[in-house]
Amino acid sequence: MPRKRQRVLVLWLTAAWLAWAGWYVALGAARSAVTIVDDSGDPVTDVEVLLDGDVIGVTDGSGRVEIDWRGNTPQFDLSASGFRPAWFEPRPGEYVVEIEPYVLTGRVTDPEGNPVAGVSVRSGTAAAVSNRSGEFEVVGGEPGRVVAFVPAWTEGAWEWDGSPGAVEIGVEPLVIKAAHVGGLVAGDPARWSQMLDLADSSELNGVMLDLKDEAGVVYYDSEVDLARTSGAVSVEFDLAELARTVRERELYLIGRIVSFQDPIVANQRPDLAVTVDGAVYTKRGQSFLDPTDPVAREYALSLAVEACGLGLDEVQFDYIRFPDGYPAEAVFDGPVDEESRVETIRSFLAEARSRLRPLGCAVAADVFGFTTTALDDGGIGQKWDVIAAELDVVSPMLYPSHYGAGWYSYDDPSEFPGGVVSQALQDGLARLETTTVVRPWLQDFSYDAGQVREQIDVAESLGLGWMLWNAASDVTVGALR
């Protein structure tokens, strides 16, 4: 229809509506067509119009509602989720009424007053995420309980009366103390019961469980296609049931997924593996999937999403790296200069975070101990500050026996477990520019109880949690309080 004819039709309809409204008023009644908008001028749907407490109309998808009234001009009340109560006195015809949303602003900080980014602050059905400065603005919330949540941190909650003004919310990182539980151990009722009893009787408050280990074995009944077609699935436990048991004990459950070190899939699918001269590259019995291969990356991510949905608190990616010391002729899908290696690992973890955080799982990763001090990527794509910025939890593997002579000025670092852990952690914390939680792996093999405790005491003196690594899950009970 031509624009001129459209305008004529609109004018005719408006005149007809006004003429009818005038006739309606002459009979002692009136009709109003009201459009309810917010403070930005956008229409608000589902606003209830009340007269003496009774709902007489609700705004439609365009924020519009028609109401009839008689006699003296009444007062109509407006009620809508996320908006302050409002009222208006009607008049015949069409007009607009603005209502004001509830707005909660503030800042999230840690116990030292540092801003905490990435915290979801929820009020009613509305939510916002704190920025790098810890600041947030929730528009359209509701007076009542407000919850601040970020994985791997304590949950903050308080009652809000709806009043304006900025608030300061304090949250604290969870201090988790856990021991490694292998898949076969979790599948053995007697040993699994022993591990739970140890947590009940000691300072342990978490379980670090292998879901997929260095051998490439997936220990729960995964539905991920590549896990099944490659023969990787060897069911030892019901993950959902195990998670319920852990939750009943009020323990924190971490699921460890070995990502790129995977001899099962590498040999079943050489097209996904790092190869040399057409054969799967193997060193010290380790075979790696290509971290630059999209299918190899998706395998670990799919397992993580699946496992998170079965009740984990945290997914911990291990072996998120390139094979160390690979030869120049090794074949990868993508570029492998240092910048590319670092970006490959960073982008993998960023993708993991984007998928897992909405499901409520913290995203963690294990890194070599040297990364807390070294400024390069060690040839494997692990750069401390870059990786930490993408994680909720970063766990350097601080095994003193793995440091060579000369590290931290020790001829034999293994003889100084406390000193090595202390210097490594202090180096790492000094370089950390985010509020990422640091929870180190500590050596629980080839040491006596006193040496294990020495490492624990160092971590705790810095306000950190810790995890004990023993490949066979033989925890040094004497080291625990």
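Look a little higher up for the structure.
Residues numbered from 1 in each chain as written. Predicted model: local features only at pLDDT ≥ 70, side-chain atom pairs only at ≥ 80, totals over all residues. Heavy atoms only, no water.

1. Remarks on the packing of helix α7 (residues 294-309) against helix α8 (residues 338-356)
- The geometry of α7 relative to α8 is characterised by a closest axis approach of 10 Å and an angle of 25 degrees between their N-to-C directions. Between α7 and α8, the crossing angle belongs to the class labelled roughly parallel. As for how α7 packs across α8, the hand of that crossing is right-handed. Note on element contacts: α8 touches α7 through Thr344, Ser347, Phe348, Glu351, Ala352, Arg355 and Leu356, opposite Arg297, Glu298, Ala300, Leu301, Ala304, Val305 and Cys308.
- Of the residues that constitute the contact of α7 with α8, the class distribution is eight nonpolar, two polar and four charged. (Axes fitted to C-alpha atoms, helices over the stretch in contact; angles between N-to-C directions. Helix = DSSP H or I, 4+ residues; strand = E, 2+ residues; numbered from the N terminus. Parallel < 35°, antiparallel > 145°, perpendicular 65-115°, else oblique. Left-handed = near helix turned anticlockwise from the far one by under 90°. Contact = heavy atoms within 4.5 Å. Nonpolar A, V, L, I, M, F, W, Y, C, P; charged D, E, K, R; others polar.)

2. Looking at the nonpolar core
- Grouped together as the largest cluster of nonpolar side chains are 94 residues, with contacts concentrated most on Leu209, Tyr299 and Phe317.
- Here this core gets eight residues from one element, more than from any other, and that element is α7.
- Discounting chain neighbours no more than four positions away, the residues touching leucine 209 are Val181, Gly182, Ala186, Phe237, Leu239, Leu242, Leu253, Ile254, Gly255 and Arg256.
- The next biggest cluster of nonpolar side chains, apart from the first, holds 32 residues, and it includes Ala152, Ala178, Ala364 and Val393. (Core = buried A, V, L, I, M, F, W, Y, C linked by side-chain atoms within 4.5 Å. Buried < 20%, exposed > 50% of the residue type's maximum accessible area, 1.4 Å probe, protein only.)

3. Describing the sheet that holds strand β14 (residues 166-170)
- Spatially, the three strands line up as an open sheet ordered β11-β8-β14, and their pairing is mixed. Across the chains shown, the open sheet's two edge strands, defined by having one partner strand only, are β11 (135-139) and β14. Sheet twist, expressed as the mean angle between neighbouring strand axes with direction ignored, is 30 degrees.
- With five bridges joining them, strand β8 (residues 103-109) and β14 adopt parallel strand pairing. Residue pairing in the sheet places glycine 106 in a bridge with valine 167 of β14. (Pairing = 2+ DSSP bridges.)

4. Quick look at the side chain of arginine 297
- By secondary structure assignment, the location of arginine 297 is in helix α7.
- A distance of 3.0 Å separates a polar side-chain atom of arginine 297 from the backbone oxygen of threonine 344.
- Residues in contact with arginine 297, not counting those within four places in the same chain, are Phe260, Pro291, Thr292, Thr344, Ser347 and Phe348. (Polar contact = N/O pair within 3.5 Å; in protein donor to acceptor, adjacent residues only side chain to side chain.)

5. Here's the deal with the packing of helix α10 (residues 417-430) against helix α11 (residues 449-461)
- The interhelical angle for the contact between α10 and α11, taken along N-to-C directions, is 25 degrees, at an axis separation of 8 Å. Taken as axis vectors, α10 and α11 run roughly parallel relative to one another. Judged by the sense of rotation from one axis to the other, the crossing of α10 with α11 is right-handed. Two secondary-structure elements touch here, α10 through Pro417, Gly418, Gly419, Val421, Ser422 and Leu425 and α11 through Gln451, Glu454, Gln455, Val458 and Ala459.

6. Quick look at the sheet that holds strand β10 (residues 126-129)
- Strand order in the open sheet made by the four strands is β10-β9-β12-β13, with antiparallel pairing throughout. Across the chains shown, the open sheet's two edge strands, defined by having one partner strand only, are β10 and β13 (156-160). Averaged over all adjacent pairs, the angle separating strand axes in this sheet is 20 degrees, with direction ignored.
- Sheet analysis places strand β12 (residues 144-149) next to β13, joined by five bridges and oriented antiparallel. Along β13, the bridge assignment pairs arginine 145 with glutamate 159.

7. Section: the pattern of salt bridges
- Overall, the coordinates contain 35 salt bridges when judged by the stated rule.
- Note that glutamate 460 is salt-bridged to lysine 177, the shortest N-O span being 3.0 Å. Taken together, the residues span a long stretch of sequence, with glutamate 460 in helix α11 and lysine 177 in strand β15 (residues 177-181) at a distance of 283 residues.
- Arginine 284 is the salt-bridge partner of aspartate 324, the closest N and O atoms lying 3.0 Å from each other. (Salt bridge = Lys/Arg side-chain N within 4 Å of Asp/Glu carboxyl O.)

8. Side note on a negative patch on the surface
- On the surface, Asp337, Glu338, Glu339 and Asp376 cluster together into a patch of negative charge.
- Here aspartate 337 is to be found in the loop between β22 (314-318) and α8.
- Using a relative accessible area of 38% as the deciding quantity, one classes aspartate 337 as partly exposed. (Patch = residues over 30% accessible without salt bridge, like charges linked within 9 Å, V, L, I, M, F, W, Y side chains within 5 Å. Areas by Shrake-Rupley, 256 points an atom, 1.4 Å probe, with all protein chains shown as cover. Lys, Arg positive; Asp, Glu negative; His and termini not counted. Charge placed at Lys NZ, Arg CZ, Asp CG, Glu CD.)

9. Description of α11
- The terminal C-alpha atoms of α11 lie 18 Å apart, and with 13 residues this matches the ideal 18 Å at 1.5 Å per residue to within 8%.
- Of all the residues in α11, the buried ones are Val452, Arg453, Gln455, Ile456, Val458 and Ala459.
- On its buried side, α11 packs onto β24 (393-398), α10, β26 (441-443) and β27 (466-469).
- With a side-chain oxygen lying 3.1 Å from the backbone nitrogen of glycine 450, the N-terminal cap of α11 falls on aspartate 448.
- The positive-phi residue at the C-terminal boundary of α11 is glycine 463, with phi of around 80 degrees. (Expected span 1.5 Å × (residues − 1).)

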